[in-house]
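These are the residues of each chain, in order.
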Amino acid sequence: MNMSRILKSLVAGTALSLLASTAFADGIGASLLTQQHPFYIELAEAMKAEAEAKNVKLEVSIANQDLNKQLADVEDFIVKGVDVIVISPVDSQGVRAAIEKAEKAGIKVITVDVPANGATVTSHIGTDNFTGGVKAGELMAKVLDNKGKVAVIDYPTVQSVVNRVNGFKEAIAKHKDMEIVAIQTGITRAEALAAAQNMLQANPDITGIFGFGDDAALAAAVAVKAAGLESQVKVIGFDGMKEARDAVDTNPVMVGVIQQFPDQMGKQAVDTAVKVAAGETVPAEQPIVPGVYTAK
């Protein structure tokens, strides 16, 4: 091989290595809703593990269910010039301006778990929440022999929960002897406990409670026990974290949980960000079908 060809080869190799090292010079910025819930802890851990496996820089900020904190975190990522932003919105509507600002700055946005309303993102990765809600409603109908009055603990500012509740409503509506008699918001476990207590007091003939998430369902189960209604009321949750699965196995009030797979979501979010940064086309929707966990 002549000297000029050797030099060309060396230059090409150097250019390739530079491209490889700068493709993710500023990496991925992830703004997650919380780290106070096992679901999001597992999601974050999966993201970090996949980023390490892919040798990609990942910075995770936690919004702590505070929209202003999330907006500030996204602004920070824009200033830093990250390649891609992954976000699980605290407020599906309120996050729109931040997403639009990132897109204007040339930064692609991927939503994970919670979709954004009215904003166009590159891809959304999350549980098929409507289908999960339908499965919860079908399970409730089954355990209540297709009859009874049920209540819902809600979190209406988060679109994924809206989808769950809508799916649940659709499933219940197919049973003429079933009726949703109460819906109350209970975001934290303490709020969910108060909501369940209020609904049971106002409707002592309730036979089922659907909690939008595991915390809500576990709180509802406590309220049922405190009211002495263990033989009457069945509770179904949504997420499928270990504490809730254990409760389903040991507590007859907790009859099931719709099980999400946050580890799959976290891995897929990072893999999608890598593809997006490389200029590849990715699907606009990447739904993950949830499972149904009932007592062993």
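Residues numbered from 1 in each chain as written. Predicted model: local features only at pLDDT ≥ 70, side-chain atom pairs only at ≥ 80, totals over all residues. Heavy atoms only, no water.

Engineer: Could you clarify how one ought to interpret the layout of surface pockets in this entry?
Structural biologist: A water-sized probe, rolled over the atoms, reveals where empty space remains. Its boundaries defined by the atoms lining it, the largest pocket holds a volume of some 400 Å³. As for the largest pocket, its lining consists of 24 residues, of which Leu 33, His 37, Gln 65, Tyr 155 and Phe 212 are closest to the centre. Breaking the lining of the largest pocket down by element, the ones donating at least two residues are helix H2 (38–53), helix H6 (159–173) and helix H8 (214–226). Ranked by the residues each element gives to the lining of the largest pocket, the list is headed by H6, at 3 residues. Of the residues in the lining of the largest pocket, the class split is 9 nonpolar, 9 polar and 6 charged. Taken together, 17 residues line the second largest pocket, and the ones lying closest to its centre are Pro 115, His 124, Thr 127, Asn 163 and Glu 285. Elements represented by at least two residues in the lining of the second largest pocket include exactly strand S5 (123–127), helix H5 (129–143) and strand S11 (285–288). (1 Å grid on protein atoms, 1.4 Å probe; cavity = no way out; pocket = protein on both sides within 12 Å on 5 of 7 lines; lining within 4 Å. Points joined across faces, edges and corners; volume = space filled by probe spheres on them. Helix = DSSP H or I, 4+ residues; strand = E, 2+ residues; numbered from the N terminus. Nonpolar A, V, L, I, M, F, W, Y, C, P; charged D, E, K, R; others polar.)

Engineer: Where do I start with helix H7 (residues 189–202) in this structure?
Structural biologist: Along an α-helix, residues three or four apart share an orientation, since each turn contains 3.6 residues. An ideal rise of 1.5 Å per residue puts 20 Å on 14 residues; H7 measures up with 20 Å between its terminal C-alpha atoms. Those residues of H7 that fall on the buried side of the exposure criterion are Ala 192, Ala 195, Ala 196, Met 199 and Leu 200. Taken around the axis of H7, the buried residues stretch over an arc of 125°, which confines them to a single face. Residues of H7 that are exposed and point over 90 degrees away from its buried face: Ala 190, Gln 201 and Ala 202. (Expected span 1.5 Å × (residues − 1). Buried < 20%, exposed > 50% of the residue type's maximum accessible area, 1.4 Å probe, protein only. Arc of directions from axis to C-beta.)

Engineer: Can you help me understand unusual backbone geometry in this one?
Structural biologist: For residues other than glycine, phi is negative in most cases, and the peptide bonds are mostly trans. The backbone of Asn 55 shows a phi angle near 60°, a positive value even though the residue is not glycine. Residue position: Asn 55 is located in the loop between H2 and strand S2 (58–62). Classification of Asn 55 as exposed rests on a relative accessible area of 70%. In this structure, Asp 239 is a non-glycine residue whose phi angle is positive, near 150°. Among the secondary structure elements, Asp 239 is positioned in strand S9 (residues 234–239). A relative accessible area of 6% places Asp 239 in the buried class.

Engineer: Help me understand the sheet that holds strand S7 (residues 178–185) in this model?
Structural biologist: The pairing of strands in a sheet comes from backbone hydrogen bonds and takes either a parallel or an antiparallel form. Here we have 6 strands laid out as an open sheet, ordered S7-S6-S8-S9-S10-S12, and mixed in their pairing. Edge positions in the open sheet fall to S7 and strand S12 (291–293), since each of these has one partner strand only. When the angles between neighbouring strand axes are averaged without regard to direction, this sheet yields 20°. In terms of strand pairing, strand S6 (residues 148–154) meets strand S8 (residues 206–211) through 5 bridges, oriented parallel. The residue of S8 that forms the bridge with Lys 149 is Ile 206. Seen against the sheet, H5 touches S6, S7, S8, S9, strand S10 (254–259) and S12 and runs at an angle of roughly 160° to S9. In the packing of H8 onto the sheet, the strands contacted are S6, S8, S9 and S10, and the crossing angle to S9 comes to about 160°. (Pairing = 2+ DSSP bridges. Axes fitted to C-alpha atoms, helices over the stretch in contact; angles between N-to-C directions. Contact = heavy atoms within 4.5 Å.)

Engineer: What exactly am I supposed to notice about the nonpolar core here?
Structural biologist: Generally speaking, nonpolar side chains in soluble globular proteins are found buried as a group. Counting residues in hydrophobic clusters, the biggest one holds 76 residues, and the most contacted among them are Met 140, Ile 153, Ile 209 and Met 254. With 8 residues, H8 is the single largest residue contributor to this core. Once you skip the residues sitting within four places of it in the chain, Met 140 turns out to touch Val 150, Phe 168, Ile 172, Met 178, Gly 208, Ile 209, Phe 210, Lys 234 and Ile 236. Val 82, Val 95, Ala 102 and Ala 116 belong to the second largest nonpolar core, which has 15 residues in total. (Core = buried A, V, L, I, M, F, W, Y, C linked by side-chain atoms within 4.5 Å.)

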